[in-house]
Amino acid sequence: MIKLIKIDEDSRVPKYKQIVDSILQNIANGNLKINQKIPSINNFSEEFYMSRDTVEKAYNILKERKIISSIRGKGYYITRTKLESKVNILFLFNKLSAYKMKTYSSFINTLGANAHVDLHIYHCDETLFLNLLDKFEGAYDYYVITTHFKTDELKHLSFTDEVAKAIQQIPQDKLVIMDNIKIGLGSEVIKIYQDFENDIYNALKEGLNKINKYKRLILVYPEKAVYPYPRRILHGFRKFCVEHEINFEILSEVYDDMILKKGDLFITIEESDLVNLVKQIRDEEYILGQDIGVISYNDTPLKDLLGITVMSTDFNVMGEIAARMILNKEKGEVKVPFNFIDRNSI
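Residues numbered from 1 in each chain as written. Predicted model: local features only at pLDDT ≥ 70, side-chain atom pairs only at ≥ 80, totals over all residues. Heavy atoms only, no water.

In the nomenclature of an unreviewed UniProt entry, the protein is known as Transcriptional regulator of Flavobacterium hydrophilum.

Attention now moves to the sheet that holds strand β16 (residues 332-335). Across the sheet, 6 strands lie side by side as β5-β4-β6-β9-β10-β16; this open sheet has parallel pairing. At either margin of the open sheet sits one strand with a lone partner, and together these are β5 (115-121) and β16. Averaged over all pairs of adjacent strands, the angle between strand axes in this sheet comes to 15°, irrespective of strand direction. Here strand β4 (residues 87-93) pairs with β5 via 7 bridges, running parallel. (Pairing = 2+ DSSP bridges. Helix = DSSP H or I, 4+ residues; strand = E, 2+ residues; numbered from the N terminus. Axes fitted to C-alpha atoms, helices over the stretch in contact; angles between N-to-C directions.)

Here Lys-17 is to be found in helix α1 (residues 15-28). Between the C-alpha atoms of Lys-17 and Thr-54, which are 37 residues apart in sequence, the distance is 9.1 Å.

In this section: the pairing of strand β3 (residues 75-78). Where strand β1 (residues 37-38) and β3 come together, 2 bridges link them in antiparallel fashion. For Ile-38, the partnering residue across the bridge sits in β3 and is Tyr-76. Direction of pairing for strand β2 (residues 68-71) relative to β3: antiparallel, over a ladder of 4 bridges. Counted as the bridge partner of Ser-69 is Tyr-77 from β3. Where β2 hands over to β3, the hairpin turn is made up of 3 residues, of which Gly-73 adopts a positive phi near 85°.

So, about the nonpolar core. Counting 45 residues, the largest nonpolar core has Ile-23, Tyr-59, Phe-129, Leu-133, Ile-145, Ile-167 and Leu-175 as its most contacted members. Domain assignment of the residues forming this core places at least three in each of domain 1 (2-78) and domain 2 (87-194 + 315-337). Excluding residues that lie within four positions of it along the chain, Leu-175 makes contacts with Tyr-143, Ile-145, Ile-167, Ile-170, Leu-185, Val-189 and Ile-190. Core analysis: the second largest hydrophobic core is formed by 29 residues, Phe-196, Leu-234, Ile-269 and Ile-295 among them. (Core = buried A, V, L, I, M, F, W, Y, C linked by side-chain atoms within 4.5 Å. Buried < 20%, exposed > 50% of the residue type's maximum accessible area, 1.4 Å probe, protein only. Domains from an automatic or database assignment. Contact = heavy atoms within 4.5 Å.)

Here is the structure:
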């Protein structure tokens, strides 16, 4: 089997990637069959005068893609041979949430049987994100990435210098930036994004007639959250209130035993704040949607069921657009619709 592997010493392509590509090519050509044994890392490195780290990196990439597997005490074997019809995609989300999963479900449903998608969560953590990109370098046909990070003080960052540098190492024709596109990239990159400042501003304008029925508009923006939110949401909210001369207040959370007043209209971002607020409104025997209003940020099926008015990106459309642009090999920027959905809570 070792004779089938072709390594070009004069090529600028990294050796680990040449190993991956050569094994994939031999699988596609039918030279390597399922359950066929391949050389050990030591044998491979000795045959081609390579470091063990180089061979190990190639084998780890193939293992992550489920193309090879290792059996303790026996070695490495080919475990998947149907490669040519699938597009292999790495999907990096900053967090798991109901609305993020709507995007992911829409994405994989639109792709159908045409792709294999691996989902990884980096929890807004720069180090974890960079480690994942390093680990999967060169392993996928497309890299779908959302860019939301946090500082040590739990403030939101769109990216850091190290994140920008790492993303720019990915071939631009393989890159899909989703949700947040503050990082500067060229025209070959697929960009599907939200405009956080103008989205909330325009959504509030859409609901202005109902908002004007209330005496005070209160945004609950979590200043310190495990998964922080872009501060552009704050900028758009302030802009709307100032331009329309609306009495407003910004809180960092819904406090227990908070002072509620008839004529308050709240905008909540965190689901825990929404639950706490609605419970207190009911406990105080106010009528939701009449005495006190509630608007929630980002729609979920539960908010729809409970009749909570929302301002929300269409997360299904976000996933569908990303998948279709990959399948059709399209490039460019697409702004995802952001809607004010009026229900029974204002």
